[in-house]
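Survey of secondary and tertiary structure
Okay, here's what each chain looks like letter by letter:
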Amino acid sequence: MARPIEYISSIDDSKDLWKVAVRCKHLWSVTSSQNREHLELILFDSKLDLIQAIVPSYLVSKFKTQVEVGCSYIMQNFKVSSNDFSFKSTDHKFKLIFCGSTSVKKVQLSDIPLNHLKLIGINAIIEGKYRKNLLYDIIGGVTEISQAQIIPDNNKSKIVFSLTDLSKHHVQCTLWGKLVVQLNEYYTTHKADGSIVLLLMNARIKEPQGNYPLNVSNAWNGTKLLINDLSIEEVKNLKEKLKDDLPTLSSSSMKMETTNTSVFSDLDKFVWKAEVLSLSDIAYLQTETTCVTVATLEKFECGQSGWYYDGCSECTKSVTLKDGKFMCYSKHISSEPVPRFKLEVLASDGKLKYKFVFWDVDCVKLIGKSALQMKLDLMETGDFDPLEFPYELDVMLKKELAIRAVFQPNKASLSVIEFKADEVLRTKIKERFKCEEHTSKIVVSTDDTRDNMHTASCTPTISTSEKQSHADPQTVSDPLSITADYDPSVANSALTPSKRSIPETVEELDSAQLSSTKIIRDIKLEK
């Protein structure tokens, strides 16, 4: 006897054998920093309930041609997981994850409407009647374009304009990347269409922050843009009712500026959303902070795991041998562990020393060789000791670098996100250091051989007046508490391949804007 069809509203994690009749509302692709692609889709049923589903990378080739937007299906057998995305495409408590036994059968289901929008009005947006972590469908007419720029060679194309609807209220909208190109191409080829009414599916509402107003923005690949699509009744009605209130496509405000270069300097990109601090300033931090500083790498510090750790083949987490298989904390199974660099390096700015943790990606850039290749080379010589630091690592030392890193109060080191060796950039960063009085009063040792220079774990010498104006420097914790499972350089890039190269003036391009979701790390790979 066949299993009965159940509704999306009933889905929970009590079982995997769910069978649903659904239509695909939206589908998009997400590529990680490791160049691995997975699919995300939104499904809805005859009761108009929505749920998000994930096709993991190892199943993309199987399902990419089977599922199409607008088509209806009988689907069954999923892994069910909590809907823990930072920005949610649906308000369902759970999400579906395709697995090897997932079945997708295309059928005509007339009881499921062709379109289903999760609309929010501009008036409700202005009044704050929305969930901060939920993505919405938004319809509005374009009234004024205040900024437009197309940069063909990267993903920083940007357009800023005002949207209105029948409430006659206005909200600022900012689109990025491919959607800007799409809008410009439409403008170029459809000038006879007159005014523009847009439908943004799966758009993000950003609260006002500082000088930035309330804003609607795309969630990168997760947002779909439809322009003057009169097959959608809501778009057709709004275009008709706003025809006298919207400018035409021939308006001079619709002109796009095309450029082949970024308007942001390398320095702006590097210090985006970070505090520019000397090591002396970092010693006074009390909370987790992303910092940019300049320091010279002096020596390696011996940790618990030597110069590398055994990593997962699917992510950057460390693996352990369990039941004859190598498994990481995200439950990925690896046939063989992958050696990955993790080097603790003591660095100095001339006044203070601080320990930095350099992770695999940045170590490869500095050394010019992967940890796997270095290990294989040593094994070939028959002179391999996993706890001996190879002489080749020393190429990292004696280099002055501009370093972007994360300060964590409970750690004894700064975890490196990115570095730059450019001399001009280093000089400009040094010029931005705060000229605070306590910095000049930290004792500088002239005896390098005895290593008496103050480190960040020591309390700098400060005056009585300074004790009143500064909190005590953070007392660092056990350095062995740093594990191989936290790698911000990879964690950030997985969410945002270009995030670290865009300054704050680009209005907070954070992880949710490259995808409506974070990269899925809890998907169990079927082998």
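Note: the structure precedes this text.
Residues numbered from 1 in each chain as written. Predicted model: local features only at pLDDT ≥ 70, side-chain atom pairs only at ≥ 80, totals over all residues. Heavy atoms only, no water.

**Brief notes about the sheet that holds strand β19 (residues 325-328)**
Strand order in the open sheet made by the three strands is β18-β19-β20, with antiparallel pairing throughout. Since the sheet does not close on itself, it has two edges, and those belong to β18 (319-322) and β20 (333-334), each with one partner. When β18 meets β19, the two strands line up antiparallel, connected through four bridges. Considered in β19, the bridge of K322 is made with K325. (Pairing = 2+ DSSP bridges. Helix = DSSP H or I, 4+ residues; strand = E, 2+ residues; numbered from the N terminus.)

**Thoughts on the pattern of salt bridges**
Inspection of the entire model under this criterion finds 20 salt bridges. Here the salt bridges share partners, and the residues they tie into one network are E301, E344 and K355. (Salt bridge = Lys/Arg side-chain N within 4 Å of Asp/Glu carboxyl O.)

**Topic: the environment of R3**
Relative to the elements of secondary structure, R3 occurs in the segment before β1 (19-31). Note: C-alpha distance between R3 and Q76 (73 residues apart in sequence) is 9.5 Å. In contact with R3, other than residues within four places in its own chain, are L17 and K19. (Contact = heavy atoms within 4.5 Å.)

**Considering helix α8 (residues 371-381)**
Along α8, the residues classified as buried are A371, M374, K375 and L378. With its buried residues spanning 100° around the axis, α8 presents them on a single face. For α8, the secondary structure elements touched by its buried residues are β17 (308-311), β21 (338-348) and α7 (360-367). Once α8 finishes, G382 follows within two positions and takes phi at roughly 75°, a positive value. (Buried < 20%, exposed > 50% of the residue type's maximum accessible area, 1.4 Å probe, protein only. Arc of directions from axis to C-beta.)

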